[in-house]
Amino acid sequence: MRFSLVPPGPTPGTDERRAGPRAAAYATMTRVALTDSPTGLPSPYAVFGRTEWARLSESHPMNLTGDDLTRLRGLGEPVDLDEVESVYLPLSRLLYFYVEATHGLRLATSEFLGERPTRVPFVVGVAGSVAVGKSTTARILRELMLRWPHTPRVELVTTDGFLYPNKVLEERGLLQRKGFPESYDRRALLKFVADVKSGELAVEARQYSHLTYDVLPATVTIRKPDVLIVEGLNVLQPPTVRSDGTNTGSISDFFDFSVYVDADLEDIRRWYVERFLRLRQTAFADPKSYFHRYAALSDAQARATATDIWTRINEPNLIENIEPTKGRATLVLAKGSDHSVETIKLRKL
Ligand SMILES: Nc1ncnc2c1ncn2[C@@H]1O[C@H](COP(=O)(O)OP(=O)(O)OP(=O)(O)O)[C@@H](O)[C@H]1O
Ligand SMILES: CC(C)(CO)[C@@H](O)C(=O)NCCC(=O)O
């Protein structure tokens, strides 16, 4: 890696302590970045260990309580307050800077065009595999943003609501491809995000039920939020060119920031299977659950069923469609086998 790509900061081990926590974190990043270039090309990411990253929250107060976290945590997600403080609080601070800077850029465009400036919703994408914990990540980020000064309106929408109904998936032979890009009404999703971003007063978001394993008839109205978080497997998919030469467009074109929640494939598979085992006592026990028939399975049978669903559907989707979009994210949260975030990669180039 060329030296010029290393960000300005104190020389490691010399000015580090004197220059404060941010500089110390930079110094660590520099050391990692120098060894993080397997292709020989400069990596666009600065890489932080959790301790170094934690220092970047400066002295922002942690105002999320244990009760808040219990409400936000997904099934089987062990995220604790220490993780919120060391991983998500600095990220919330960074996002605050991004929101302000993006608004500043828009003001410049308005001034150039001689138009009255308007506040455009800031859109954050959260991507990653099924069962990696992205819904919890999205919910925690929302909660921290809600605590910013001036209490912004932050809405969270999952792309699951834009899956085609099971009936349509069945007709198209896509029921075993749920979560693959073609199983979503991508045009409706794109229109939804574009409408929110263009300042429409009220935009309808479709909803999904994991209980019935289908989209819901009722929509939810999104009214001019300051921040919109869009969480889903394939939110970072690039646009593609149709056979007639036109471009499909992509919701990621509307993102101002994106997060990819990453972990080793074996770990995610294990989390998926363990969650499936736990769901037998909770969601599957409900007769309305699409998976109710699985509630009575033994551990071994449940493991086999979950592994089969994972191997046929979710794993190929991760490998073919989700993982390849990782390099498009502004920030990658890499989890260790115990589910906790170990490394944070922030796009700098
Ligand atoms: N079959 C199911 N029945 C009921 N709830 C489920 C079912 N599958 C997943 N869930 C719950 O729905 C939420 C979203 O699940 P989904 O598989 O979309 O997760 P995800 O966003 O990949 O998960 P995660 O939040 O773990 O990344 C999770 O909190 C999960 O516990
Ligand atoms: C709804 C999705 C696609 C994404 O959340 C996922 O949870 C899912 O249902 N995948 C299909 C295979 C499975 O049932 O796990």
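You'll find the structure just up there.
Residues numbered from 1 in each chain as written. Chains lettered and ligands numbered in written order. Predicted model: local features only at pLDDT ≥ 70, side-chain atom pairs only at ≥ 80, totals over all residues. Heavy atoms only, no water.

### Considering the site of ligand 1
As a structural note, the neighbourhood of ligand 1 is formed by 18 residues, with Ala 131, Gly 133, Lys 134, Ser 135 and Arg 275 the closest of them. Ser 129 places a polar main-chain atom, nitrogen or oxygen, 3.3 Å from an oxygen atom of ligand 1. Between ligand 1 and the protein, one listed contact pairs an oxygen atom with a side-chain N or O atom of Glu 231 at 3.4 Å. In isolation ligand 1 has 590 Å² of accessible area, and contact with the protein removes 84% of it. If you list the elements that add at least two residues to the shell around ligand 1, you get helix H5 (134-146) and helix H8 (265-279). If you tally residues by element for the shell around ligand 1, the top one is H5, at three residues. Residues belonging to the shell around ligand 1 are distributed by class as follows: eight nonpolar, five polar and five charged. (Near = heavy atom within 4 Å. Polar contact = N/O pair within 3.5 Å; in protein donor to acceptor, adjacent residues only side chain to side chain. Areas by Shrake-Rupley, 256 points an atom, 1.4 Å probe, with all protein chains shown as cover. Helix = DSSP H or I, 4+ residues; strand = E, 2+ residues; numbered from the N terminus. Nonpolar A, V, L, I, M, F, W, Y, C, P; charged D, E, K, R; others polar.)

### Considering the side chain of Gln 237
Tracing the sequence through the fold places Gln 237 in the loop between strand S8 (227-231) and strand S9 (257-262). Residues contacting Gln 237, with those up to four places away along its chain left out, are Pro 181, Ser 250, Ser 252, Asn 321, Thr 325 and Arg 328. (Contact = heavy atoms within 4.5 Å.)

### Focus on the site of ligand 2
Around ligand 2 sit 14 residues in total, of which Asp 160, Tyr 213, Tyr 272, Ile 309 and Asn 314 are the nearest. In the environment of ligand 2, an oxygen atom lies 3.1 Å from a nitrogen or oxygen atom belonging to the side chain of Asp 160. About the coverage of ligand 2: the protein hides 93% of its 370 Å² of free accessible area. In terms of residue count, the dominant contributor to the shell around ligand 2 is helix H9 (residues 299-322) (three residues). The residue makeup of the shell around ligand 2, split by class, is nine nonpolar, three polar and two charged.

### Observations regarding the packing of H8 against H9
In the contact formed by H8 and H9, the axes pass within 9 Å of each other and the chain directions differ by 135°. Of the possible angle classes, the one that applies to H8 and H9 is oblique. Seen along the crossing, H8 lies across H9 with a hand that is right-handed. Between H8 and H9, the residues in contact are Leu 265, Ile 268, Arg 269, Tyr 272, Val 273, Phe 276 and Leu 277 and Asp 299, Ala 302, Arg 303, Thr 305, Ala 306, Thr 307, Ile 309, Trp 310, Asn 314, Glu 315, Leu 318 and Ile 319, respectively. Partitioning the contact of H8 with H9 into residue classes produces 12 nonpolar, three polar and four charged. (Axes fitted to C-alpha atoms, helices over the stretch in contact; angles between N-to-C directions. Parallel < 35°, antiparallel > 145°, perpendicular 65-115°, else oblique. Left-handed = near helix turned anticlockwise from the far one by under 90°.)

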